[in-house]
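# Chain and residue survey
Residues per chain are reported as follows:
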Amino acid sequence: MVLIVVPARRRATSRAAGQPAESPRGGPLRLTPGDRVRIRQREYTVNATIRLVEGDWSWVQHLLDDDSGTRHRLSVEDGPELELVLWTAEPGATVTPGAPTIELGGRRYTWAETGQARYTATGETELPATGTMRYHDYQSGGAARLSFEAYGEEGWRVARGDLLDPADLTIRPTPEAR
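The notes below deal with the structure included here. Please read all numbers here as calculations on a predicted model, not as lab measurements.

What counts, and where the lines are drawn
- Residues numbered from 1 in each chain as written.
- Predicted model: local features only at pLDDT ≥ 70, side-chain atom pairs only at ≥ 80, totals over all residues.
- Heavy atoms only, no water.
- Helix = DSSP H or I, 4+ residues; strand = E, 2+ residues; numbered from the N terminus.
- Buried < 20%, exposed > 50% of the residue type's maximum accessible area, 1.4 Å probe, protein only.
- Contact = heavy atoms within 4.5 Å.
- Areas by Shrake-Rupley, 256 points an atom, 1.4 Å probe, with all protein chains shown as cover.
- Phe/Tyr/Trp six-rings, centres within 6.5 Å; stacked < 30°, edge-to-face > 60°.
- Salt bridge = Lys/Arg side-chain N within 4 Å of Asp/Glu carboxyl O.
- Pairing = 2+ DSSP bridges.
- Core = buried A, V, L, I, M, F, W, Y, C linked by side-chain atoms within 4.5 Å.

## Here's the deal with the overall build of the chain
- Scanning the chain for helices and strands turns up zero helices and 13 strands.
- Along the chain, helices (α) and strands (β) appear in the sequence β-β-β-β-β-β-β-β-β-β-β-β-β when read from the amino end.
- Scored against the burial criterion, the 178 residues of the chain give a buried share of 48%.
- The contacts of the chain with a sequence gap of at least 6 include a subset with a gap of at least 24, amounting to 57%.
- When the accessible surface of the chain is split by element, carbon and sulfur atoms take 47% of a total near 8400 Å².

## Some details on the packing of aromatic side chains
- Under the counting rule described, the total for this entry stands at three aromatic pairs.
- Here Trp59 and Tyr135 contribute two aromatic rings whose centre-to-centre distance is 5.9 Å and whose plane-to-plane angle is 80°, an arrangement assigned as edge-to-face. With Trp59 in strand β5 (residues 57–65) and Tyr135 in strand β10 (residues 130–140), this pair connects stretches of sequence that are 76 residues apart.
- Tyr135 gets classed as buried once you look at its relative accessible area, which sits at 1%.
- Both rings, one in Tyr138 and one in Phe148, keep their centres 5.8 Å apart while their planes meet at 75°; by these two values the pair is edge-to-face. Placement of the pair is Tyr138 in strand β10 and Phe148 in strand β11 (residues 144–151), with a sequence separation of 10 residues. Judged on exposure class, the residue Tyr138 and its partner Phe148 are both buried.

## Side note on the pattern of salt bridges
- Tallying each qualifying case throughout the model produces seven salt bridges.
- Arg40 is the salt-bridge partner of Asp168, the closest N and O atoms lying 3.2 Å from each other. With Asp168 in the loop between β12 (157–163) and β13 (169–172) and Arg40 in the loop between β3 (36–39) and β4 (42–54), this residue pair connects regions lying 128 residues apart in the sequence.
- A relative accessible area of 40% places Arg40 in the partly exposed class.
- With its nearest N and O atoms 3.1 Å apart, the salt bridge here joins Arg160 to Glu90. Note that Arg160 is positioned in strand β12 and Glu90 in the loop between β7 (83–89) and β8 (101–104), a separation of 70 residues in sequence.
- Of the residues examined, Glu90 reaches a relative accessible area of 22% and is grouped as partly exposed.
- Taken together, the salt bridges that share partners define one network made up of Arg38, Glu43 and Arg172.

## With respect to the pairing of β5
- Counting buried residues along β5, seven of its nine residues qualify, which places the element largely inside the surrounding structure.
- In this structure, β4 lies alongside β5, joined through nine bridges in antiparallel fashion. Across the sheet, the residue bridging to Val46 is Leu64, located in β5.
- Between β4 and β5, which pair antiparallel and follow one another directly, the connecting turn spans two residues, one of which, Gly55, has a positive phi of 65°.
- Of the pairings in the sheet, the one linking β5 to strand β6 (residues 72–77) comprises six bridges and is antiparallel in character. Within the sheet, the bridge partner assigned to His62 lies in β6 and is Leu74.
- Once β5 ends, the chain turns through six residues before running back antiparallel as β6, passing Asp67 with a positive phi of about 65°.

## So, the nonpolar core
- Residues Val37, Ile39, Leu64 and Leu74 are the most contacted members of the largest nonpolar core, which totals 16 residues.
- Elements with a minimum of two residues in this core: β3, β4, β5, β6, β7 and β13.
- Contacts of Leu74, omitting those with residues within four sequence positions, involve Leu31, Ile39, Val60, Gln61, His62, Leu64, Leu84, Val85, Leu164 and Leu169.

The structure is reproduced here in structure tokens:
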């Protein structure tokens, strides 16, 4: 399964049902392939992790599988608080980045940021283990996000994202971690 990764720059606390979203090895920043998470009542398995660094800023993308065939990922950004965003690929989207505003799916998104990061990938990504990624991020309203990314010399990939409420995420221990 090929999954896309998109950086996110939103702030939220990582808590589920009033408890910290912690895995046996740590919180959502430390998830690894094989770990399981529950997001908004849907179960996912982490297939891969991509760690991104831009200057002194870093974030993590966990590529998720829910057996539906749809590409999802959870972005986790550490800062004063954790930001959690659930992303869904839009492989049929025909829009391209660069404009101050973009219309997609009946929603208008406004440009938020652009950049380039270095990455390290582990798990099933179909990417080289290391490289660079370019991105353009857009926002609409409070929680809606749109992002474009390109790894190496490839073309743009598009994904829509939703900022997660901390209660939306529960980390499930793997059977061997119990």
